[in-house]
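# What the coordinates show
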Amino acid sequence: MGFADQRFNVNLSILFTELPLLERPAAAAAAGFTAVELWWPWTDSPTPGPSELAALKKAIEDAGVRLTGLNFYAGELPGPDRGALSVPGEESDRFRANIDVAADFAKSLGCTALNALYGNRVEGVDPAEQDRLALENLVLAARAADRIGAVLLVEALNEPESPLYPLVSAPAAVAVVDKVNEATGLGNAKFLMDLYHLSMNGEDLPQVIDAYAAKTGHVQIADNPGRGAPGTGSLPLADLLDRLRKAGYDGWVGLEYKPGGGPSADSFSWLPAEARAAR
């Protein structure tokens, strides 16, 4: 067991960002990876033009990598925003405009996981109102995901870095997953278990794994402290991923860490080259 037994993909919104977006899929392939994931790449537009979508699709296909995960529009990310779907007004409208665009783009590349970040609390707005709006939008997103044979992911972030984000524990995110599944009857809403965020919240990671592996649709990792590559902090990531496997999780593990001061390609020494291609 260990890292060599996992299926890794590379998040091209945090790794290889020293390169233009359209060059990143090929860079991931050159590093030995065969699968990638992305935050919504156009932070200023939930509905980019067909030429922009086509160019990214071609870059992914030409690189010979598979897109395995995609975020819906989430506002300025990286930046101050943590999603749009619970933010009343223009941001919620932008999220809704993005739903079918993101789902169709994912479908065109065989991507079967769509992540919907919940959004920050807004000063002066009743949290219950935001939660009602969130459920409405998550139901729409779950139905769009179901249309293309995908899962809808709901992620817990960490409170120190995202103090306005309400889902800062595994139970909080899973409770939203359960509400969406109850509302749609589809059962395709799943928990995105990011071990870095959960560790920053001080959660008992083995306990979280044991409790929620069956409801988990995707896993992401970075070490803590520092959000660097495995081995740069103190998290026993290989052991935790082994525990997830034993608990029944056999999906992708997204590498969502900061590469450090050098080129992203230099940040993968912890993972043998022969273990980078998906099996």
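Above this text sits the structure in question.
### A look at the pairing of strand E5 (residues 151–155)
Within E5, 4 of the 5 residues are buried, which leaves it mostly tucked inside the rest of the structure. In the sheet, strand E4 (residues 113–115) pairs with E5 via 3 bridges, with the strands oriented parallel. Its bridge partner being in E5, Leu-114 is matched across the sheet by Leu-152. In this fold, the crossover linking E4 to E5 by way of helix H4 (residues 127–147) has right-handed handedness. With helix H5 (residues 170–184) bridging E5 and its parallel neighbour strand E6 (residues 189–194), the resulting β-α-β unit is right-handed.

### Section: the environment of Asn-120
Checked against the element boundaries, Asn-120 lands in the loop between E4 and H4. Assessed through its relative accessible area of 13%, Asn-120 is described here as buried. Setting aside residues no more than four positions away along its own chain, Asn-120 makes contact with Pro-80, Asp-81, Arg-82, Ser-86, Val-87, Gln-130, Leu-164 and Tyr-165. One polar contact links the side chain of Asn-120 to the main-chain carbonyl oxygen of Pro-80, over a distance of 3.2 Å. Only 3.5 Å separates the side chain of Asn-120 from the backbone nitrogen of Tyr-165, close enough to count as a polar contact.

### Focus: the packing of aromatic side chains
For the coordinates displayed, the defined rule picks out 11 aromatic pairs. One aromatic cluster is present, formed by Phe-3, Phe-8, Phe-16, Phe-33, Tyr-257, Phe-268 and Trp-270 through successive ring pairs. Positioned above the aromatic ring of Trp-252 is the side chain of Arg-7, whose terminal nitrogen or guanidinium carbon lies 4.4 Å from the ring centre.

### Digging into the layout of surface pockets
To locate leftover empty space, one rolls a probe as large as a water molecule over the atoms. Roughly 340 Å³ of internal volume is contained in the largest pocket. In terms of lining residues, the largest pocket is bounded by 19 residues, among which Trp-39, Leu-77, Arg-82, His-197 and Arg-227 are the most central. When its residues are assigned to classes, the lining of the largest pocket shows 6 nonpolar, 7 polar and 6 charged. Estimates place the volume of the second largest pocket at around 160 Å³. Along the wall of the second largest pocket there are 14 residues; nearest its centre are Ala-113, Gly-217, Tyr-249, Gly-251 and Trp-252. With 3 residues, strand E7 (residues 216–221) is the single largest residue contributor to the lining of the second largest pocket.

### A closer look at empty space enclosed by the protein
Under the definition given, this model contains 1 cavity of 30 Å³ or more. In this model, the largest cavity occupies a volume close to 80 Å³. Residue lining of the largest cavity: 14 residues in total, with Glu-37, Gly-69, Leu-70, Asn-71 and Gln-220 positioned closest to the centre. Secondary structure elements with two or more residues in the lining of the largest cavity: strand E2 (35–38), strand E3 (66–71), E4 and E7. Broken down by element, the lining of the largest cavity gets its largest block of residues, 4 residues, from E3. Across the lining of the largest cavity, the residue classes break down as 6 nonpolar, 7 polar and 1 charged.

### Section: the packing of H4 against H5
Viewed as axis vectors pointing N to C, H4 and H5 meet at an angle of 65 degrees, and their least axial separation amounts to 10 Å. Comparing their axes, H5 and H4 come out roughly perpendicular. Two packed elements cross with a definite hand, and for H4 against H5 that hand is right-handed. Touching Leu-135, Leu-138, Val-139 and Ala-142 of H4 are Val-176, Lys-179, Val-180, Ala-183 and Thr-184, all from H5. Here the residues of the contact of H4 with H5 are counted per class, giving 7 nonpolar, 1 polar and 1 charged.

### Digging into the sheet that holds E5
The strand order E1-E2-E3-E4-E5-E6-E7-E8 describes a closed barrel built from 8 strands, whose pairing is parallel. On average, each strand axis in the sheet is tilted by 30 degrees relative to the strand beside it, whichever way the strands run. Judged from the 4 bridges that link them, strand E1 (residues 7–11) and strand E8 (residues 252–255) form a sheet pairing that is parallel. Each residue of the ladder has a partner; that of Asn-9, found in E8, is Gly-254. The strands touched by H4 within the sheet are E4 and E5, with E5 carrying the most contacts at an inclination of about 140 degrees.

Cut-offs used in this document
- Residues numbered from 1 in each chain as written.
- Predicted model: local features only at pLDDT ≥ 70, side-chain atom pairs only at ≥ 80, totals over all residues.
- Heavy atoms only, no water.
- Buried < 20%, exposed > 50% of the residue type's maximum accessible area, 1.4 Å probe, protein only.
- Helix = DSSP H or I, 4+ residues; strand = E, 2+ residues; numbered from the N terminus.
- Pairing = 2+ DSSP bridges.
- Right-handed = clockwise from strand over helix to strand, strands pointing away.
- Contact = heavy atoms within 4.5 Å.
- Polar contact = N/O pair within 3.5 Å; in protein donor to acceptor, adjacent residues only side chain to side chain.
- Phe/Tyr/Trp six-rings, centres within 6.5 Å; stacked < 30°, edge-to-face > 60°.
- Lys NZ or Arg CZ within 6 Å of the ring centre and 35° of its normal.
- 1 Å grid on protein atoms, 1.4 Å probe; cavity = no way out; pocket = protein on both sides within 12 Å on 5 of 7 lines; lining within 4 Å.
- Points joined across faces, edges and corners; volume = space filled by probe spheres on them.
- Nonpolar A, V, L, I, M, F, W, Y, C, P; charged D, E, K, R; others polar.
- Axes fitted to C-alpha atoms, helices over the stretch in contact; angles between N-to-C directions.
- Parallel < 35°, antiparallel > 145°, perpendicular 65-115°, else oblique.
- Left-handed = near helix turned anticlockwise from the far one by under 90°.

What is shown is where atoms sit, not what they do.
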